[in-house]
Amino acid sequence: MKNKNNKPEWVPENASDEHFTSFVMKGVDSVHDGLGGDTAMDFSFRNLKKRKTLSLDDYKNGVLNCDINILARAITLIESNVHIDMAQSLIKEILPNTGKSLRIGITGVPGAGKSTFIEAFGSYLVGLGKKVAVLAVDPSSTLSGGSILGDKTRMENLSRLENAFIRPSPSGGALGGVARKSRETMLLCEAAGYEIILIETVGVGQSEVTVRSMSDFFLLIQLAAQGDDLQGIKKGVIELADGILVNKCDGNMVEKSMMKVAELRGVFHYIQSPTEGWTPFCDSCSALENKGIDNAWNLICGFFDNVKNSGVFDERRHLQRQEWFKSVLSEEIFRKFYSNEKVKFLYEQLLHEIKNSDTPVTLAVQRLLKESEK
Ligand code: GDP
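Definitions and limits used
- Residues numbered from 1 in each chain as written.
- Predicted model: local features only at pLDDT ≥ 70, side-chain atom pairs only at ≥ 80, totals over all residues.
- Pairing = 2+ DSSP bridges.
- Helix = DSSP H or I, 4+ residues; strand = E, 2+ residues; numbered from the N terminus.
- Axes fitted to C-alpha atoms, helices over the stretch in contact; angles between N-to-C directions.
- Buried ≥ 20, exposed ≤ 12 C-beta atoms within 10 Å, placed from the backbone.
- Core = buried A, V, L, I, M, F, W, Y, C linked by C-beta atoms within 7 Å.
- Contact = placed C-beta atoms within 7 Å.
- Parallel < 35°, antiparallel > 145°, perpendicular 65-115°, else oblique.
- Left-handed = near helix turned anticlockwise from the far one by under 90°.
- Nonpolar A, V, L, I, M, F, W, Y, C, P; charged D, E, K, R; others polar.
- Near = placed C-beta within 6 Å.
- Arc of directions from axis to C-beta.

Q: Explain the sheet that holds strand S7 (residues 281-284) here, please?
A: Strand pairs in the sheet, formed through backbone hydrogen bonds, run parallel or antiparallel to each other. If you walk across this open sheet you meet the seven strands as S3-S2-S4-S1-S5-S6-S7, and the pairing is parallel. What marks the edges here is a single partner per strand, and that holds for strand S3 (164-166) and S7. Neighbour-to-neighbour, the strand axes of the sheet open up by a mean angle of 20°, direction not taken into account. Here strand S5 (residues 217-223) runs beside strand S6 (residues 243-247); their pairing, made up of five bridges, is parallel. Residue pairing in the sheet places leucine 220 in a bridge with isoleucine 244 of S6.

This is the structure in structure tokens:
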């Protein structure tokens, strides 16, 4: 391979080939797959179809006709923060077709069996002729950009059913604006005709409060195997629940699960129900063995009958819309505030000063606010 023509250009003209261990290899003239022989492939992107840009009408009609691809793209539009005007026009257009679903929030620590339960429960509901959408509100995506809920391959059977739609939690690219995005995603699913929206979250952070505030019914999945402390479940999460299911009530855990059910029923006597006129239920199930799923649905139907008859359902929705307005407003104020470069700079500086006790905290806040008003 070593020959005169392939010598590096810095090699003196008269140098003999033997003195050099390096040489310049002839480059590839045409596109090639790198394999030996004549297997050159066309790597040009000529043949790849560009995705059609959708108009507002395309989005609207696609969502209302439950075109899954367009629904998914509409959700991405909402999550992306790039085309806010278009996204908001879409929400305005579909608003009359929203609000008719049953919104069910589901929480529990990682490993409690939420995905397995949603797989079993969602499939059961589809079997009853319902259209079911599953959304996730992931606490970690707001903090770190990672995802607790979205990383695993989840709900494979449910995802294959025609009347089920599963949307993983927004990826790291869609940070911030959880209050807005998750609710607007829910509205899009409702406009697409999904009658039951299951909103999953992990009961270890603040996200369960967000999910409670967008659900009609809030379900906590518990385990008998560990004490509540070990499960990382705060008492506050139990206080948010309209119902608790002790999952994994199978094999040698049946007896312990029943004891846990009795214990939790006792706890309900001492805490206030999150829903006026409703006493939260506690029962057991085995999501893995598909046991107690129909019972869970009957209990939840009992809840909806109760709150719809009493007017609590509508009242909660009205209050939730007001809370929604407030949380989107505060998210926007925060976003605007910190998008000011001078504010960002001073913020970092003040953090440092406060750490060293150089500046009183209230004074630091006032300086920051003044800077933002300039
Ligand atoms: P998540 O993190 O709450 O979504 O929990 P997963 O649904 O991923 O379940 C965690 C583990 O518990 C998995 O290995 C499941 O197979 C298992 N699991 C879930 N439900 C049950 C159940 O009812 N019985 C038993 N024995 N195992 C279950």
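Q: I'm lost on the environment of methionine 155 in this one. Help?
A: As for its position among the elements, methionine 155 is in the loop between helix H5 (139-143) and helix H6 (156-160). A residue is classified by how many C-beta atoms lie within 10 Å of it, and methionine 155, with 22 of them, is buried. Separated by 11 residues in the primary sequence, methionine 155 and isoleucine 166 have C-alpha atoms spaced 8.4 Å apart.

Q: What is the right way to read the nonpolar core from this model?
A: Most often, soluble globular proteins have nonpolar side chains that are buried together. One finds Ala74, Ile104, Leu188 and Ile197 to be the most contacted residues of the largest nonpolar core, which totals 72 residues. Not counting residues within four places of it along the chain, the set of residues in contact with leucine 188 comprises Val63, Leu71, Ala74, Ile75, Ile78 and Ile94.

Q: Explain the packing of helix H2 (residues 68-80) against helix H3 (residues 84-94) to me, please; I cannot follow it from the model alone.
A: Packed helix pairs are characterised by how far apart their axes lie and by the angle those axes make with each other. Where H2 meets H3, the axes come as close as 8 Å, and the angle between the chain directions of the two elements is 125°. With respect to H3, the element H2 is oriented oblique. The two elements H2 and H3 meet at a crossing, and its hand is left-handed. Contacts between H2 and H3 involve Ala74, Leu77 and Ile78 on the former and, on the latter, Met86, Ala87 and Leu90. When the residues that make up the contact of H2 with H3 are grouped by side-chain class, the tally is six nonpolar, no polar and no charged.

Q: Please explain the environment of valine 307 as it appears in this structure.
A: Inspection of the secondary structure assignment puts valine 307 in helix H11 (residues 293-310). Distance from valine 307 to threonine 275, taken between C-alpha atoms, is 8.4 Å for residues 32 residues apart in sequence. The contact partners of valine 307, leaving out residues within four places of it in the chain, are Thr275, Trp278, Val312 and Phe313.

Q: For this particular structure, what's the right way to read the site of the ligand?
A: Taken together, 14 residues lie near the ligand, and Gly113, Lys114, Ser115, Thr116 and Leu288 sit nearest. The leading source of residues in the shell around the ligand is helix H4 (residues 114-127), at three residues. Among the residues forming the shell around the ligand, the class breakdown is four nonpolar, seven polar and three charged.

Q: In this structure, what is going on with H3? I would like to understand it.
A: Residues separated by three or four positions in an α-helix point in the same direction, a consequence of the helix having 3.6 residues per turn. Residues of H3 that are buried include every one of Ala87, Leu90 and Ile94, and no others. Each buried residue of H3 sits inside an arc of 60° when the element is viewed along its axis, so together they form one side. Exposed and facing more than 90 degrees away from the buried side of H3 are Asp85 and Lys92.

Q: What am I meant to see in the pairing of strand S1 (residues 102-107) here?
A: Summarising burial for S1: six of the six residues are buried, a large majority. Burial along S1 is two-sided: Leu102, Ile104 and Ile106 and Arg103, Gly105 and Thr107, pointing in opposite directions, are all buried. Across five bridges, the pairing between S1 and strand S4 (residues 196-200) is parallel. Across the sheet, glycine 105 pairs through a bridge with isoleucine 199, a residue of S4. With four bridges joining them, S1 and S5 adopt parallel strand pairing. Residue isoleucine 106 lies in a different strand from S5, and its bridge partner there is leucine 219.

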